[in-house]
Amino acid sequence: MRILGIDTSCDDTSAAVVEDGRRMLSNIVSSQTAIHKKYGGIVPELASRRHVEMIWPVVDEALKEAGIRLDNLEGIAVCNGPGLIGSLLVGSSFAKALCYSKGIPLAAVNHLEGHVFSVFLEETSPGFPFLALIVSGGHTSLYRIEEFGRYRELGRTRDDAAGEAYDKVSKLLGLGYPGGPVIDSLAQKGNPQAIEFPRAYLPESLDFSFSGLKTAVLNYVKKFMTDREGRPTNESGELQDISASFQRAVVDVLVRKTEWAIRREGIRRVSLSGGVAANSELRKRMRIMGEKREVEIFIPSLALCTDNAAMIAAAGYHHIMSLDTAGLDLNPKAYLPL
Ligand code: KG4
Ligand code: ZN
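Rules behind the numbers
- Per chain, residues are indexed from 1 in the order of the written sequence.
- Following the order in which they are written, the chains are lettered starting with A and the ligands numbered starting with 1.
- Residue-level local features of this predicted model are given only where pLDDT is at least 70; pairs of side-chain atoms are given and counted only at 80 or more, and the full residue set underlies all totals for whole chains, interfaces and linings.
- To obtain the side-chain values, all non-hydrogen atoms of the structure were included, while hydrogens and water were left out.
- Starting at the N terminus, helices and strands are each numbered in turn, a helix being any DSSP run of H or I of at least four residues and a strand any DSSP run of E of at least two.
- For the radius of gyration, the atoms used are the C-alpha atoms, and the globule rule reads 2.2 Å times the number of residues raised to 0.38.
- Contact criterion: two residues are considered in contact whenever any of their non-hydrogen atoms come within 4.5 Å of each other.
- Two strands form a pair only when DSSP identifies at least two bridges running between them.
- With axes taken as lines fitted to C-alpha atoms, and helix axes fitted only over the stretch in contact, angles between N-to-C directions fall between 0 and 180 degrees.
- We count a salt bridge whenever a side-chain nitrogen from Lys or Arg sits within 4 Å of a carboxyl oxygen from Asp or Glu.
- Only protein chains enter the accessibility calculation, which uses a 1.4 Å probe; a residue whose area is less than 20% of its type maximum is buried, one above 50% is exposed, and one in between is partly exposed.
- Each helix should span, by expectation, one fewer than its residue count multiplied by 1.5 Å.
- Consider a residue and the seven residues that end there alongside the seven that start there; fitting an axis to each set, the bend is the angle between those axes.

This brings us to the overall build of the protein. The number of helices and strands found in the protein is 11 helices and 10 strands. Against the compact-globule benchmark of 20 Å for 338 residues, the protein has a radius of gyration of 20 Å, which places it among compact chains. Considered along the principal axes of its C-alpha atoms, the protein spans approximately 65 × 45 × 30 Å. Sequence separation of at least 24 residues holds for 73% of the intrachain contacts in the protein that already meet a minimum separation of 6.

So, in structure tokens, the structure goes:
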């Protein structure tokens, strides 16, 4: 069964064709980073407008690359939240119109469910049940995935998401948007032990909190490294050391909490997904932890960590197979718990 996936939840327009929920025939992502960069973050109105311009060309390219025509599609899966409502509306309206005109089923996929199912697009994927850590710009959550459609949230962030912390720290260091990749690369040249930033372990809980860490970085920058105009200076590699120390604090918490969840739930399979799963240190430390604790770790390739439509099609396949389809009255939602 070949399904077209569509994701327009945030600032990337993406379309993909996936066969049987596992075999990726194409996965096209049109990034809007260049549009939003100069504002230091995503401007929702500009994002929706760009989605309107890009949706057809991106779908067209996804079909071409997969070597199939619209008439050969057996279903469409669209992300219906959570996300920016104006952006979500573009994808869902488009998907509904196409399903109606072709007479094929429509599946509504939660963006987080998509991130969880991105691991099934890789050669080796977890058996059920498994633990899923989703770390993105909007979410940091741990789930117990019992089987398709049965998910239990074990913990979530009480304030900032991990990716949001990266983006905010990057902004205050004057490093631009998005912050994850730039801090990741600076961190590789810095000393992670240079500054002792706080780690919020929240005893007894699998919840997360990153806003204290962000404030600690802000206080450090204000105290030690601003010039007379209040801009960050980088006289002797402080930016590298701050990046490395900040990143170490984020990764320490994410890995430690995952270990707690493994022990508490007695599950020895863990998947890691979402934009922050592209982080080099997090990937490495999770794998080391897995080896030490004899736990299988599943991390998708970089392109499947950040937002993409293949993951939506992978999850959508299961919706369609279990006849859990959406009607033409489908309305996306900005807030949509998994
Ligand atoms: O999953 P995603 O593409 O979009 C959301 O659903 O939010 O995640 C985007 C987030 C951004 O906050 C970005 O800074 C972060 O993922 N990110 C990274 C890296 N690459 C992207 N964070 C840390 N290290 C990276 N290499
Ligand atoms: Zn995402």
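There is more to say after this.
Further remarks concern the sheet that holds strand β9 (residues 269-273). Spatially, 5 strands are ordered β8-β7-β6-β9-β10 in an open sheet, and the strand pairing comes out mixed. The open sheet has two free edges, formed respectively by β8 (150-156) and β10 (296-298), since each of these has just one partner strand. Between one strand and the next, the sheet's axes are offset by a mean angle of 25°, whatever the strand orientation. Note that strand β6 (residues 130-135) and β9 share 4 bridges and pair parallel. Bridge pairing in β9 places L133 opposite L272. Contacting β6, β7 (140-147), β8 and β9, helix α8 (residues 238-265) crosses the sheet at an angle of about 155° to β6.

For the rest of this paragraph, the subject is the pattern of salt bridges. All told, the structure shown has 22 salt bridges when counted by the stated rule. Where K168 meets E164, a salt bridge forms, and the shortest distance between an N and an O atom there is 3.1 Å. Of this pair, K168 and E164 both sit in helix α5 (residues 162-172), separated by 4 residues, roughly a single helical turn. Salt-bridge contacts for R264 lead to E265; the nearest nitrogen and oxygen are separated by 3.5 Å. Judged by relative accessible area, which is 14%, E265 ranks as buried.

In this model helix α2 (residues 44-66) runs 30 Å from its N-terminal to its C-terminal C-alpha over 23 residues, within 8% of the 33 Å that 1.5 Å per residue would give. Along α2, the sharpest kink reaches roughly 45°, centred on M54 and followed within four residues by the proline P57. All buried positions along α2 are accounted for by A47, S48, H51, M54, I55, V58, V59, A62, L63 and A66. Trailing α2 by a residue or two, G67 shows a phi angle of about 75°, which is positive.

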